[in-house]
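Listed below are the residues making up each chain.
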Amino acid sequence: MRTSEREQLRERLKRIEERITAACHRSNRKREDVKIIAVTKYVDAEVIGDLLDVGVSHIGENRVQDALPKYEQYGDQGTWHFIGHLQTNKVKDVVGRFTYIHSLDRLSLAEALNKRGKQLDCVVSCFLQLNISGEKTKFGLSPNDVLAFLRETSNMKHIRILGLMTMAPHVENPEETRTVFRQLAEWKERINQWDFAHATIEELSMGMSGDFEVAIEEGATYVRLGSILVKPDES
Ligand SMILES: *Cc1c(COP(=O)(O)O)cnc(C)c1O
């Protein structure tokens, strides 16, 4: 039986809910406009079962190899988000399984996704990952390249870009991440003004365990929560 695991999860979720609600309140946003993606990369598949059981329906994984067996078990439940760096040779495993890909960050990946979408006769829903902070260690398209990227992908009929994603730098004080999140929100407005048919930005995927409240205050519609939700010793 996993009753106690589920109880612990419910308890953690309740505390997170309180914090999300407070952040929404502070920024005059509706609670239902912010969705939690449970990042399950640290844990076994059975925890995904627990999460689904307690009502968390968005599941995020960042490595294809680790995600596939979990998807085999629970892929018919919930909505699956691929949030990690994606190699083009893994695209075939991801498209058709994951509903959203948060890590579109380069032209070669757009081409591979578009090609796979065409093969499967579907349109792949993507988030454009931007490297706002400019850290060399981070993946993501440079903001300087966004316009060129959108022009170069505008004829790709099997991808659509419906969101932006970023990872903020690791800092002691989450307040320092605010400018990164604010800039991502500004990119949403800018891109939407350009009016590309394949890129209408509705979602902002930003904020993790250490900085989700600031991200919500700056407009996050998806927060990606790993350790705070599923890692008992760190919650
Ligand atoms: C691991 C990971 C997260 C979750 O990180 P936590 O700090 O544990 O909440 C979010 N987004 C991405 C892309 C990740 O790889």
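In what follows, the accompanying structure is described. (Residues numbered from 1 in each chain as written. Predicted model: local features only at pLDDT ≥ 70, side-chain atom pairs only at ≥ 80, totals over all residues. Heavy atoms only, no water.)

1. Looking at the state of the cysteines
Simply put, disulfide is the name for a covalent bond between the sulfur atoms of two cysteines. In this structure the tally under the stated criterion is zero disulfides. Free of any disulfide, Cys122 has its nearest neighbouring cysteine sulfur in Cys126, separated by 10.0 Å. Taking relative accessible area as the criterion, Cys122 reaches 24% and is therefore assigned partly exposed. In this structure Cys126 comes out as buried when scored by relative accessible area, which is 0%. (Disulfide = S-S within 2.5 Å. Buried < 20%, exposed > 50% of the residue type's maximum accessible area, 1.4 Å probe, protein only.)

2. Looking at the site of the ligand
Looking at the ligand, the residues that line it are Val39, Lys41, Tyr42, Asn62, Ile83, Met167, Met208, Ser209, Arg224, Leu225, Gly226 and Ser227. At 2.5 Å, a side-chain N or O of Tyr42 approaches an oxygen atom of the ligand. A total of 380 Å² of accessible area belongs to the ligand in isolation, and the protein chains cover 91% of it. Across the shell around the ligand, the residue classes break down as six nonpolar, four polar and two charged. (Near = heavy atom within 4 Å. Polar contact = N/O pair within 3.5 Å; in protein donor to acceptor, adjacent residues only side chain to side chain. Areas by Shrake-Rupley, 256 points an atom, 1.4 Å probe, with all protein chains shown as cover. Nonpolar A, V, L, I, M, F, W, Y, C, P; charged D, E, K, R; others polar.)

3. A short note on the layout of surface pockets
Estimates place the volume of the largest pocket at around 800 Å³. Taken together, 36 residues make up the lining of the largest pocket; nearest its centre are Lys41, Asn62, Met167, Met208 and Arg224. When residues of the lining of the largest pocket are traced back to their parent elements, those giving at least two are helix 3 (64–74) and strand 8 (222–225). Broken down by class, the residue content of the lining of the largest pocket amounts to 15 nonpolar, 13 polar and eight charged. (1 Å grid on protein atoms, 1.4 Å probe; cavity = no way out; pocket = protein on both sides within 12 Å on 5 of 7 lines; lining within 4 Å. Points joined across faces, edges and corners; volume = space filled by probe spheres on them. Helix = DSSP H or I, 4+ residues; strand = E, 2+ residues; numbered from the N terminus.)

4. Things to note about the packing of helix 2 (residues 45–53) against helix 3
Between helix 2 and helix 3, whose axes approach to 9 Å, the crossing angle comes to 45°. Relative to helix 3, the element helix 2 is oriented oblique. As helix 2 runs across helix 3, the sense of the crossing is right-handed. Across from Ala45, Glu46, Ile48, Gly49 and Leu52 in helix 2, the residues of helix 3 making contact are Lys70, Gln73 and Tyr74. Here the contact of helix 2 with helix 3 is composed, by residue class, of four nonpolar, two polar and two charged. (Axes fitted to C-alpha atoms, helices over the stretch in contact; angles between N-to-C directions. Parallel < 35°, antiparallel > 145°, perpendicular 65-115°, else oblique. Left-handed = near helix turned anticlockwise from the far one by under 90°. Contact = heavy atoms within 4.5 Å.)

5. Looking at the packing of aromatic side chains
Under the defined criterion, the tally for this structure stands at eight aromatic pairs. Between the aromatic rings of Phe82 and Phe98, the centroid separation amounts to 5.4 Å while the plane-to-plane angle is 85°, which identifies the pairing as edge-to-face. Taken together, the residues span a long stretch of sequence, with Phe82 in strand 3 (residues 79–82) and Phe98 in the loop between helix 4 (91–94) and strand 4 (100–104) at a distance of 16 residues. Given a relative accessible area of 0%, Phe82 falls into the buried group. Taken together, a centroid distance of 6.1 Å and an interplanar angle of 85° make the contact between Tyr100 and Phe127 edge-to-face. On the criterion of sequence distance, the pair formed by Tyr100 in strand 4 and Phe127 in strand 5 (residues 124–129) is long-range, its members being 27 residues apart. The ring centre of Tyr222 lies 4.3 Å from the NZ or CZ of Lys35, which sits over that ring. Lying across the ring of Tyr42, Lys231 places its NZ or CZ 4.1 Å from the centre. (Phe/Tyr/Trp six-rings, centres within 6.5 Å; stacked < 30°, edge-to-face > 60°. Lys NZ or Arg CZ within 6 Å of the ring centre and 35° of its normal.)

6. With respect to the packing of helix 1 (residues 3–26) against helix 2
Viewed as axis vectors pointing N to C, helix 1 and helix 2 meet at an angle of 55°, and their least axial separation amounts to 10 Å. The angle between the axes of helix 1 and helix 2 places the two elements in the oblique class. Two packed elements cross with a definite hand, and for helix 1 against helix 2 that hand is right-handed. The residues of helix 2 that touch helix 1, namely those facing Glu5, Arg6, Leu9 and Arg10, are Gly49, Asp50, Leu51 and Asp53. Looking at the contact of helix 1 with helix 2 residue by residue, the class counts come to two nonpolar, one polar and five charged.

7. What to know about the nonpolar core
Residues Leu113 and Leu229 are the most contacted members of the largest nonpolar core, which totals 71 residues. Those residues within four positions of Leu113 in sequence are excluded, and the remaining contacts are Leu86, Val91, Val95, Ile101, Leu104, Val124, Cys126, His158 and Ile159. Counting six residues, the second largest nonpolar core, distinct from the first, contains Ile37, Tyr100, Leu162 and Tyr222. (Core = buried A, V, L, I, M, F, W, Y, C linked by side-chain atoms within 4.5 Å.)

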